[in-house]
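What follows is the residue order along each chain.
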Amino acid sequence: IGFDKKKFDETERSRVVAKLINSKHHEFIVNEKSLHSDLDIILNNFDEPFADSSALPTYLVSKITSNHVKVALTGDGGDEVFGGYNKYYINYINNIYTNIIPKKLHKLFKNISAHILRTKDDDRGTRFKIRKTLDSIDYDNRFYWNMISLGFKGSELNKILLKSSKETFNYYKNNIGLVKSDSLTDLRNIDKHISLEGDMLVKVDRTSMLSSLECRAPFLNKKLWNFTNTLPEKYLINRTSKKYILKESFKDVFPSNFLEKTKKGFGVPVGDWLRSFLKDELIHFCDKSFIEEQNLFNYSYVQKLVNYHLTGFEDNTFKVWTYYCFQKWYKNHIKINE
């Protein structure tokens, strides 16, 4: 799956891999027209508020794949098993940063940089990444929990919700014991229970089965997971090289430096789409009477958040998309039953 917005596109790399393994390669370029008619079907199929936007292209690739085969292999688990996410590496930066920079100085620096790092459209480039990292910096051992909160961090929920919210991840910390977030093994374990079980696998399972496609994840082998847990962390992240042991095993197969290219993920430019074909529905969800009837959200905060995004004053893609997905679910599963 490729995208007409080139910053999200990895079709060139996929051609390289297809040529190396001699596979029958199929490409499909996604734009807003590709999803216009299927968006409601995809989001409603989850039967819960689900705001991982990569569910949209996952559905499309599943739908296209099901025309050729009925069982497909996925790469799910590769980053969790072998330590492939930037957020693992950045966790160490947080520890170094908070030991050097006083908390008051960080707040001042964050306020100043917010204007410099502000982006106007759904562009997840360098400025976006620096801003997300600075916003997630935490002096109370919550950095990693902030990083995995795609929409609103725990401290931000009280701005949008009328009633004070509890810590989002308390259940996992108290019942499953995921309190520590110091070592790479700790972070991978958090992802195993939260990101994989609650997001990645849910996303692929629901969207592929909606397309009558069976998916298998060969990286999620229990023996493989247990094996990598016994390795020294430098075999997983070696300086700035992530998934080190996996890349070293296959580096002779690929062109030079191919495996060190920055991973784009499977994001889609929903921030742009919220300003175009989804705009009218989003504005409806911001109607004052609608929000006051719900008695869930702070109307003034929602208005500011959405208006900043729609006018291009500030890109709030993840927050607005999360709000939009919740309201889609509410409209279809709560409102109509009242």
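Refer to the structure presented above.
Residues numbered from 1 in each chain as written. Predicted model: local features only at pLDDT ≥ 70, side-chain atom pairs only at ≥ 80, totals over all residues. Heavy atoms only, no water.

(A) Expanded view of the pattern of salt bridges. One pass over the full model with this rule turns up 18 salt bridges. Here Lys-63 and Asp-38 are joined by a salt bridge, their closest N and O atoms 3.4 Å apart. Placement of Lys-63 in helix H4 (residues 55-65) and of Asp-38 in the loop between helix H2 (32-36) and helix H3 (39-45) is noted, with a sequence separation of 25 residues between them. Judged by its relative accessible area of 8%, Asp-38 falls in the buried class. A salt bridge links Arg-275 to Asp-272; the shortest N-O distance between them is 3.7 Å. Look at the salt bridges and you will find they share partners, linking Asp-40, Glu-281, Lys-328 and Lys-331 into a network. (Salt bridge = Lys/Arg side-chain N within 4 Å of Asp/Glu carboxyl O. Helix = DSSP H or I, 4+ residues; strand = E, 2+ residues; numbered from the N terminus. Buried < 20%, exposed > 50% of the residue type's maximum accessible area, 1.4 Å probe, protein only.)

(B) Spatial organisation of the nonpolar core. Leu-56, Trp-273, Leu-282, Trp-321, Tyr-323 and Tyr-324 are the most contacted members of the largest nonpolar core, which has 40 residues in total. Counting only elements with at least two residues in this core, the list comes to H3, H4, helix H10 (154-160), helix H15 (270-273), helix H16 (279-285), helix H17 (288-294), helix H18 (299-311) and helix H19 (317-333). Take this core: its biggest share by element is six residues, from H19. Contact partners of Trp-321, with chain neighbours within four places excluded, come to Leu-39, Leu-43, Ala-51, Asp-52, Ser-53, Leu-56, Val-270, Leu-274 and Leu-278. Tyr-144, Phe-169, Ile-190 and Ile-194 belong to the second-largest nonpolar core, a separate cluster that totals 16 residues. (Core = buried A, V, L, I, M, F, W, Y, C linked by side-chain atoms within 4.5 Å. Contact = heavy atoms within 4.5 Å.)

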